[in-house]
Each structure stands twice: as structure tokens, then as C-alpha cells.
Amino acid sequence: MKSRLLEALKIGSMTVKNGVFMAPMSLGYESPDGTVNETMQEYWLARARGGVGCIITDALSVDPDVPYLGNTLCFRNEESIASYRRFTDKIHECGARVIPQITHPGPESVSAFRGIPPMASSVYLNSMAQKTRAVTLEEIPGIIQKYAKGAYDAKRAGFDGIELHCAHAYMLLGSFLSPMRNKRTDRYGGSLDNRARLLCEVLDAIRESCGPDFPIILRMSGSERDEQGNTLEDMKYLVPILERHGVDAFEISGGTQYERCNKIIPCHGEVQGVNVPEAEALKQAAAVPVLVVGKIGEPRYAEYLVDSGKVDGVVLGRALIADPDFVKKMEAGDYDGIAPCAACAIGCVGEQTKRHPASCVINPAAGREKELELTKTERPERVVIVGGGIGGMACARACAVRGHKVVLLERENELGGQMRLACIPPYKQELSKWIVYLEHELERLSVDVRRNTVADREVIDRLSPDALVIATGAGEMLPPVPGIDPEQAITAWKVLRGETAIPGGNVLVVGGGMVGWGPGVPDASETRILSYYYDRDGRRDRRGNGSEQQSVGHDTAEPAGDYHDDRHKAGIRKRRRGDSGKAWHTGSFKRLYPYHLCLRGTPGQRSL
């Protein structure tokens, strides 16, 4: 029986073909001119082709001079509006709806780097420790008109509606709505009605500018989950008021950006559907559709939320980065074929902290849809891959999708490699999804998987491959700490495998990265974390300056780094008749996947 999630959903005058929305996410793909470039367009088009009902673009500033990030979507002039019109036409050709999330970045603007203090409801330090300034009463009418013009420009650009951001005690409207930020003593501060006044005035202006048939979705926190913040009861009170001011649907998030960011981007340790209880309660108070966002990555769970009447639609973010065809596969009942998001935030969030565009561990084509498209090869080859860890499995899948004949050799009885250890520590079990998915894919694609097979010269020669991929990963090691006793020292791998138990006492952990903090150490233990970096010759790297953290029970000190083993290598050997072969070596791989070798050719590599 077809889930109600996959049925059409009406929001104001807009009919969406199903109840799956794509969440707004800033991923570092934006252009300096504020328009949609080719990278962003291909990224969103892939999800539109994949069956998403409605795409919500990332934050679009109503004031081009007040950017949210270094590069932020905005309508600068008539030329940019025409550019957006071409983009929305392409999305509509795929059968999807598209709306921008319009906002005034306010306190979250990077304008301070240009010498302009960011504006907010009150004076406080923003997330970048920059002092904000309070918006004056005289400035408010102009700000309201910027919202109205931004919404009207969106309508002219062919968007099907807008989403208005007022969640997370964040950006300008969130700053006014939350008592955690708003300390004003005029008519825009104090009571909940006063704190919501600017939001209501913005809604009224947008309605007047765009008319009654231009849908408005409001993103708000069902609860800020802080004793000083807005509560669920506050939001239940506001819902009918906001409906009277023109809201056609609510998207329920939760938490606050500064204090409870883990509720906005819920990762390991957070339950799935973290905002569902608030969304369900607000649906009872609302006369318009209610959507929910927040760690909804399982297709059957998404269907359950709508079929059980808890919400009217779901907003998926990272799940659609991991698999752009999520909805199409769900419609076909191919749940096991959906590349799963494990809520790791390594690529989508972690890469941006390094000032890189977002990526995805399980989907390296995210943000590179045209460049890394897996098309059928005209010259199928016999490819042998040595190593059945996550990299080797993904490599085998990519080669098989392209049409190559693939043999995967793994010396152990189970596939997954180090990922089997990575999913053992508390809250990390979700990582096992990647192994389950890739095993399913290898079976579907008829990859010849040979377990308990050591890839020696005789085995390789017998297989006679056209290309050989080495994906054996890294080995465990003891860091070259002077005076270390190899008999007493143990590796994290042995702890994770259960080969060595730590019953208690004084424990010294060398390496304060995720591995060092992962293995189970009894809470009663006195645990000291030492973080040093060593080069491959045993010399302490300049990054390691003896930084040290100490805690009782290992749950209060901040991780201070890790030592690195540079032995993770991957390479391809091309076999030719009559010679000993030529090797293309890739050097040290920082990403999990050596199968980039199979997707594109760069100097020193060979494409398959």
C-alpha cells in the first residue's frame, strides 16, 4: 500500500507531488554574485530528478549587502532575477517545486569582517564572538520592506513560494523572537507577543507584496530546549496567531544555534526524529500542514511519521546529500538500495570547517554531480580490488556500476575493515549502515567477493586482471613514544575488538582524536589524555607541543588531536602482456575512498 508521504500535499495554492522536502543547507557551493552557479544547479537538479517534492534552497539574504556567509544567495538586480528564473524553470521540468529560504542574516552576517557591526535585536556576542548592535526603531520599517521585496523578487524569479527563517534564536527574526537574545525594552521586546511583533509585521508585508496565493512556509523551533528560551507552549500559543498573519505551513526544527546546535544538526547520540514530539504537538494546534526536520534518514520511518498522522510531510537534509535518488528508490520499494546517511557530519559539515566545499563520505559525487557521474564504459575490463574495507567495497561498487567485471579479495571472513571497529564505541552503531548498504550493492551488482583470501602474487596472476586496485587501508601501530613498553601498551583496536579489557585503575590514552576517545574506559578510571603528533620516522611533529588534557571518566576534557599513521596507501597496477606492469600510486589518502581512482583521471592515476 502506497504511503501517504508519497501522495500529493497542498500548501496554500501550491500542490507538491509528495510530502518530501529538501532542507536548506549551506554547503559552500555558492558564487560571489549570489546567483545559482552550475555546481549548485546540478546538485539540486539531481535531487529534483530523484523524486523530491519540493526543494528549499539555502539561505537567501534579503539584503545583498548583508551576506550570511562569504558567498550568499541574493537578488542583486534584474539580471540575477532572470538567472534565477532559468534555474527554477529547470527544476520545474523535473516535476519538483522550489522555494528559497529568505532571511536577513542579522547577527550571523559576516559583515563584521568588512568593518560593519552585525545587527541584532540586542547587543551580544554572536557565534563568531563579534559584538552585535541593536536595531533601532527607525531601521525596522526598512528591514520589513527588504523582506517584502525579497519575497516579491522570488515570485518574479519563478519560485513557487518562500520559506521564512525564524528558528534557533538565529539570524534577525530568530534573534527578535527568542528571549535568549532579545533584551529590548520597547514594543519589540519583553513579552512573547512583543518579541513576535517583527515576525508578524514581516509576514503582513510579504502578503501585501506577493498576494494571497504565494505560499509561505515558516521554519521555527518547536522548542529552543533551554530553560531561558522559547518553549513548546510558547509556540503552541503563536501558531494560530502566525496563521492569521499568512503562514501556509510550518517546518518544525529545534534547539538554538549557539547553545544547542546538536539539536539543529543532530549527529551521533541524538535520536532519530529529534523534533517529532514538538511537531506532533504543534500539528494539533495548527490548521495548516506541519512539516518536521531533524535526523530523518530512514525511509520507512519517514513514511511512518506521515502515515501515523504525526506530521504532514518530512524535510530531509543530509539523507538527500547521501543519495539524491532517495525518493525515487522509496517509491520503487528499494529501501535497501538507498545510500544511507549515518549522521556523521564528516563531509557535509566537517569539510566546511576546513574552508572546503561540503562533501559526503558515502557519496563523493555530492557537489560534483557532472564530474563524477558513473556512466557505462565502452571498454569493460577485469578489475581486481585487494581489500574489502569500506574503500574497497565502494570501489568495487563504482567499477561494477560502470560495467567492469570486478573481483574483490578480502583476507578476513567479514567485509567492512576498520569500519567494523568504528561502529563499536557508544553512539557510533549507525556507521554500520554503510557496510550493510555496500554489501547489498555488491550482491545486486554481482561482484565476485572472495572472503578469507590472501592476495599474494600467485592469486593475482591467476586472476590476470586488467587493473589492480590496492585498498588495504592502514595498519594499527604503537606511537614511537620514548620508553613505551610494548608488553603493557595496547592499541585501541584490541580494546574495540574485546581482546583486552580495562577493568579500572589509571589509564593513559595517547592520542586525543576520535579513536582515542572512542574505546570504553570505565568511568571510575583516572584517565589522562596525551595528544602528540609523530612523523613516520618517530620524530615529534611541530604540531605536537606536549598538549595535555586530564579528566575523570574521560567525558569532560576536549579532544586535543591525535598521532597520524601515513601508511594508508592506495594504488592501481595496469598489467600488460610481456612486461612486469606499471604502477600508478596515489600517495596518502585523507578521504575514506580510494575509489576516486575509478571515477576520474588525474596525473599519476588511471581512470577505469
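The following paragraphs examine the structure supplied in this document. Not measured: the values here are computed from a predicted model.

Looking only at helices and strands, the protein has 19 helices and 22 strands in total. Within the protein, the fraction of its 608 residues that count as buried is 56%. Taking all contacts inside the protein whose residues are at least 6 apart in sequence as the whole, residues at least 24 apart take part in 66%. Carbon and sulfur atoms form 48% of the exposed surface of the protein, whose accessible area is close to 26800 Å².

Next up on the list: empty space enclosed by the protein. For the structure shown, the criterion picks out 3 cavities of 30 Å³ or more. Computed from the structure, the largest cavity encloses a volume of approximately 100 Å³. Taken together, 15 residues make up the lining of the largest cavity; nearest its centre are Cys341, Cys344, Cys348, Cys360 and Val361. For the lining of the largest cavity, the elements supplying multiple residues, two or more each, are helix 11 (318–322) and helix 13 (346–353). Among the elements that line the lining of the largest cavity, the one with the most residues is helix 11, at 3 residues. Its residues assigned to classes, the lining of the largest cavity shows 12 nonpolar, 2 polar and 1 charged. A volume near 40 Å³ is recorded for the second largest cavity. Every residue along the wall of the second largest cavity is listed here: Met25, Leu27, Tyr29, Glu30, Met40, Tyr43, Trp44 and Asp58.

On to the nonpolar core, then. Among the nonpolar cores identified, the biggest contains 126 residues, and Trp44, Leu164, Met220 and Leu242 are the most heavily contacted of them. No other element matches helix 6 (residues 197–210), which puts 8 residues into this core. Ignoring anything within four residues of it in the chain, the contact list for Leu164 reads Ile102, Tyr147, Leu173, Leu199, Val202, Leu203, Ile206, Ile217, Leu218 and Arg219. Membership of the second largest hydrophobic core comes to 14 residues, among which are Leu9, Val16, Phe21 and Leu291.

Covered by surrounding structure in strand 9 (residues 162–165) are Ile162 and Leu164 together with Glu163 and His165, the residues of both alternating faces. As paired strands, strand 6 (residues 97–103) and strand 9 are joined by 2 bridges and run parallel to one another. Within strand 9, the residue paired with Ile102 across the bridge is Leu164. Sheet topology places strand 9 next to strand 10 (residues 216–221); 4 bridges connect them, and they run parallel. Considered in strand 10, the bridge of Ile162 is made with Ile216.

This paragraph deals with the pattern of salt bridges. On inspection of all chains with the given rule, the structure shows 31 salt bridges. One salt bridge connects Glu351 with Lys354, and the closest N-O pair in it is separated by 3.3 Å. Using a relative accessible area of 11% as the deciding quantity, one classes Glu351 as buried. We classify Lys354 as exposed; its relative accessible area is 52%. Residue Arg420 is joined to Glu412 by a salt bridge in which the shortest nitrogen-to-oxygen separation is 2.8 Å. By relative accessible area, Arg420 is classed as partly exposed at 24%. Using a relative accessible area of 33% as the deciding quantity, one classes Glu412 as partly exposed. Several salt bridges share partner residues, and in doing so they unite Glu78, Lys149, Asp153 and Arg156 into one network.

With that settled, the discussion passes to the packing of aromatic side chains. Summed over the entire model, instances satisfying the criterion amount to 10 aromatic pairs. Arranged with centres 5.9 Å apart and planes meeting at 50 degrees, the rings of Tyr84 and Phe159 form a pair that is tilted. Highlighted residues: Tyr84 in helix 2 (residues 78–93) and Phe159 in the loop between helix 3 (140–156) and strand 9, separated in sequence by 75 residues. An aromatic cluster of three or more residues is present, and its members are Tyr29, Tyr43, Trp44 and Phe87. One cation-aromatic arrangement involves Arg181 over Tyr124; the distance from NZ or CZ to the ring centre is 5.9 Å.

On to the packing of helix 14 (residues 390–402) against helix 16 (residues 432–444). For any two helices packed against each other, one specifies the inter-axial angle together with the distance between the axes. Contact pair helix 14 / helix 16: the axes reach a minimum separation of 9 Å and the direction vectors enclose 35 degrees. Considering the relative orientation of helix 14 and helix 16, their crossing is left-handed. Residues Ile390, Met393, Ala394, Ala396 and Arg397 of helix 14 pack against Trp434, Ile435, Tyr437, Leu438, Glu439, Glu441 and Leu442 of helix 16. Considering only residue class, the contact of helix 14 with helix 16 consists of 9 nonpolar, no polar and 3 charged.

The subject of this paragraph is the packing of helix 1 (residues 38–49) against helix 2. Closest axis-to-axis distance for the helix 1/helix 2 pair is 9 Å, and the angle between their directions is 25 degrees. In terms of their interaxial angle, helix 1 and helix 2 are classed as roughly parallel. Note that helix 1 runs across helix 2; the crossing there is right-handed. On helix 2, the residues that touch Gln41, Trp44, Leu45 and Ala48 of helix 1 are Phe87, Lys90 and Ile91. Within the contact of helix 1 with helix 2, the residues separate by chemical class into 5 nonpolar, 1 polar and 1 charged.

Here the focus is the environment of Glu410. Within the element layout of this structure, Glu410 appears in the loop between strand 15 (405–409) and helix 15 (419–422). Sequence-distant contacts of Glu410, that is, excluding residues within four places in its chain, are made with Gly387, Gly388, Gly389, Leu415, Arg450, Arg451, Asn452 and Thr453. One polar contact links the side chain of Glu410 to the main-chain amide nitrogen of Gly388, over a distance of 2.6 Å. Polar side-chain contacts of Glu410 include one of 2.9 Å to the backbone nitrogen of Glu412.

Rules of the game
Residues numbered from 1 in each chain as written. Predicted model: local features only at pLDDT ≥ 70, side-chain atom pairs only at ≥ 80, totals over all residues. Heavy atoms only, no water. Helix = DSSP H or I, 4+ residues; strand = E, 2+ residues; numbered from the N terminus. Buried < 20%, exposed > 50% of the residue type's maximum accessible area, 1.4 Å probe, protein only. Contact = heavy atoms within 4.5 Å. Areas by Shrake-Rupley, 256 points an atom, 1.4 Å probe, with all protein chains shown as cover. 1 Å grid on protein atoms, 1.4 Å probe; cavity = no way out; pocket = protein on both sides within 12 Å on 5 of 7 lines; lining within 4 Å. Points joined across faces, edges and corners; volume = space filled by probe spheres on them. Nonpolar A, V, L, I, M, F, W, Y, C, P; charged D, E, K, R; others polar. Core = buried A, V, L, I, M, F, W, Y, C linked by side-chain atoms within 4.5 Å. Pairing = 2+ DSSP bridges. Salt bridge = Lys/Arg side-chain N within 4 Å of Asp/Glu carboxyl O. Phe/Tyr/Trp six-rings, centres within 6.5 Å; stacked < 30°, edge-to-face > 60°. Lys NZ or Arg CZ within 6 Å of the ring centre and 35° of its normal. Axes fitted to C-alpha atoms, helices over the stretch in contact; angles between N-to-C directions. Left-handed = near helix turned anticlockwise from the far one by under 90°. Parallel < 35°, antiparallel > 145°, perpendicular 65-115°, else oblique. Polar contact = N/O pair within 3.5 Å; in protein donor to acceptor, adjacent residues only side chain to side chain.

Scope: geometric values only; no functional claims are made or implied.
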